[in-house]
Amino acid sequence: MKKINETLKKLCSLMTVSGFEKQAKEEIFKLAEPIFDEAYSDSFGNFVFVKKSGLPNAPKMMVDAHFDRIGMMVTGIKEGGFLSVINVGGIDTRILPSSDVTVYGKEQVYGIISSVPPHLRKSADVKGLPTIEELYIDTGLSKDKLSEIVSLGDPVMVRADYLELLNDNVMSGSLDDKACVAAAFDMAERADKDKLKFDVYVIVSAQEETGKCGAALAAYKIKPDIALITDVTFGTMEGDKEFVSIDCG
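An account of the accompanying structure is given in this report. Note that the coordinates shown come from a computational prediction; the quantities given were computed from them, not determined experimentally. (Residues numbered from 1 in each chain as written. Predicted model: local features only at pLDDT ≥ 70, side-chain atom pairs only at ≥ 80, totals over all residues. Heavy atoms only, no water.)

**Considerations on the side chain of T139**
Position of T139 among the secondary structure elements: in the loop between strand 8 (136–138) and helix 3 (143–149). A polar contact is formed between the side chain of T139 and the backbone oxygen of G81, at a distance of 2.7 Å. A polar contact is formed between the side chain of T139 and the backbone nitrogen of L141, at a distance of 3.2 Å. Excluding anything up to four places from it in sequence, T139 contacts G81, L83, V109, Y110, G111 and L146. (Helix = DSSP H or I, 4+ residues; strand = E, 2+ residues; numbered from the N terminus. Polar contact = N/O pair within 3.5 Å; in protein donor to acceptor, adjacent residues only side chain to side chain. Contact = heavy atoms within 4.5 Å.)

**As for the nonpolar core**
The biggest cluster of nonpolar side chains holds 26 residues, and the ones touching the most others in it are I28, F36, F49, F67, F185, V202 and V204. When residues of this core are traced back to their parent elements, those giving at least two are helix 1 (2–12), helix 2 (25–32), strand 2 (47–51), strand 3 (60–66), helix 4 (175–190) and strand 12 (199–205). Apart from residues no more than four positions distant in its own chain, V202 is found in contact with F36, F47, V48, F49, V63, A184, F185 and M187. Counting 19 residues, the second-largest nonpolar core is a separate cluster that includes M72, V74, V85 and L135. (Core = buried A, V, L, I, M, F, W, Y, C linked by side-chain atoms within 4.5 Å. Buried < 20%, exposed > 50% of the residue type's maximum accessible area, 1.4 Å probe, protein only.)

**Structural notes on the pattern of salt bridges**
Enumeration according to the criterion identifies 8 salt bridges in this entry. Salt-bridge contacts for K30 lead to E26; the nearest nitrogen and oxygen are separated by 3.7 Å. Within this pair, K30 and its partner E26 are both found in helix 2, separated by 4 residues, close to a single helical turn. Taken as a pair, K30 and E26 share a single burial class, namely exposed. The partner of K143 in a salt bridge is E79, and the shortest N-O contact between them spans 3.8 Å. Remark: E79 occurs in the loop between strand 4 (71–78) and strand 5 (82–88) and K143 occurs in helix 3; sequence separation between them is 64 residues. (Salt bridge = Lys/Arg side-chain N within 4 Å of Asp/Glu carboxyl O.)

**Re the sheet that holds strand 6 (residues 100–104)**
Spatially, 6 strands are ordered 4-5-8-7-6-9 in a closed barrel, and the strand pairing comes out antiparallel. Going across the sheet, the axis of each strand differs from the next one's by a mean of 45°, ignoring polarity. Judged from the 7 bridges that link them, strand 4 and strand 5 form a sheet pairing that is antiparallel. Bridge assignment links I77 to a residue of strand 5, and that residue is L83. (Pairing = 2+ DSSP bridges. Axes fitted to C-alpha atoms, helices over the stretch in contact; angles between N-to-C directions.)

**A word on the environment of S205**
Looking at where S205 falls in the secondary structure, it is placed in strand 12. C-alpha separation for the pair S205 and G45, spaced 160 residues apart in sequence, amounts to 7.3 Å. Not counting the four nearest positions on each side in its chain, S205 is found in contact with N46, D64, A65, H66, F67, D68, G214 and A215. In terms of polar contacts, S205 uses its side chain to reach the side chain of D64, at 2.8 Å.

**Details of the layout of surface pockets**
Quantified by volume, the largest pocket comes out at close to 1,300 Å³. Lining the largest pocket are 33 residues, and of these L175, D176, A179, V232 and T233 lie nearest its centre. No other element matches the 6 residues that helix 4 contributes to the lining of the largest pocket. For the lining of the largest pocket, the class distribution of residues is 18 nonpolar, 8 polar and 7 charged. A volume near 350 Å³ is recorded for the second largest pocket. (1 Å grid on protein atoms, 1.4 Å probe; cavity = no way out; pocket = protein on both sides within 12 Å on 5 of 7 lines; lining within 4 Å. Points joined across faces, edges and corners; volume = space filled by probe spheres on them. Nonpolar A, V, L, I, M, F, W, Y, C, P; charged D, E, K, R; others polar.)

**Some details on the packing of aromatic side chains**
By the definition in use, this model includes 6 aromatic pairs. Where F36 meets F185, the ring centres are 5.4 Å apart and the plane angle is 70°; that geometry is what we call edge-to-face. Residue F36 is located in the loop between helix 2 and strand 1 (38–41), and its partner F185 is located in helix 4; the two are separated by 149 residues in the primary sequence. For F185, a relative accessible area of 2% corresponds to the buried category. Seen in terms of ring centroids, F49 and F185 are 5.5 Å apart; in terms of plane orientation they differ by 85°. Their pairing is edge-to-face. With F49 in strand 2 and F185 in helix 4, the pair connects residues that are 136 residues apart, well separated along the chain. Across the pair, exposure class does not vary: F49 and F185 are buried alike. Among the aromatic residues, those joined into a cluster by ring pairs are F29, F36, F47, F49, F67 and F185. (Phe/Tyr/Trp six-rings, centres within 6.5 Å; stacked < 30°, edge-to-face > 60°.)

**Comments concerning a nonpolar patch on the surface**
Taken together, the side chains of L163, L165 and M171 make up a nonpolar region of the molecular surface, amounting to roughly 260 Å² of accessible area. You can see M171 is positioned in strand 11 (residues 170–171). Accessibility expressed as a relative area gives 40% for M171, which makes it partly exposed. (Patch = residues over 30% accessible without salt bridge, like charges linked within 9 Å, V, L, I, M, F, W, Y side chains within 5 Å. Areas by Shrake-Rupley, 256 points an atom, 1.4 Å probe, with all protein chains shown as cover.)

Rendered as structure tokens:
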């Protein structure tokens, strides 16, 4: 359990906003090196890790877990050190106001997502949630200083640090789907090469949150004989429907 927690903690610390997965290539390759016989990336941003069975013409098993996470992208640099953003993937705007974020420019910039307080918004809009266009990241920097560090198109990630909880539970904003990446690495590490009947291809795929393209492209290239696609789901909670969620553990 300790080893997989260490792997998961490292994975969750990496910036992998959908479309920017390549920025974490060096770190994930370091994690993979002791486990796999072969490692490479493709032009789309997928990372492929292969554990060979040693059998001639062995069939291929593909295990996919996506690496990207939902985030935002800078669309404007405003007076007073504010940044406007647009969503990357299906972000839930209900969680954004007052959230801590990290902007990944030439250097990391920390900020808080702010919006016009409800009592200062137009009466017709008070009941509705602010749209992403109404939210701004307050960095506390001047516009000139911010413009030296941040550019339009830079990725932004909501901060949700990895924390270990009671009873071997953990929390992080990156468990979707890095929990499955960690599980795939653990599976490959524990697999006995002498008993493998196929070559294992672990695909850490790109851009699942914005179209699921990475896994499809990897599958067309590898042409696996069998595939296991892994992702997270919802934990059981009060009021949910049967088969919608699953008990933790």
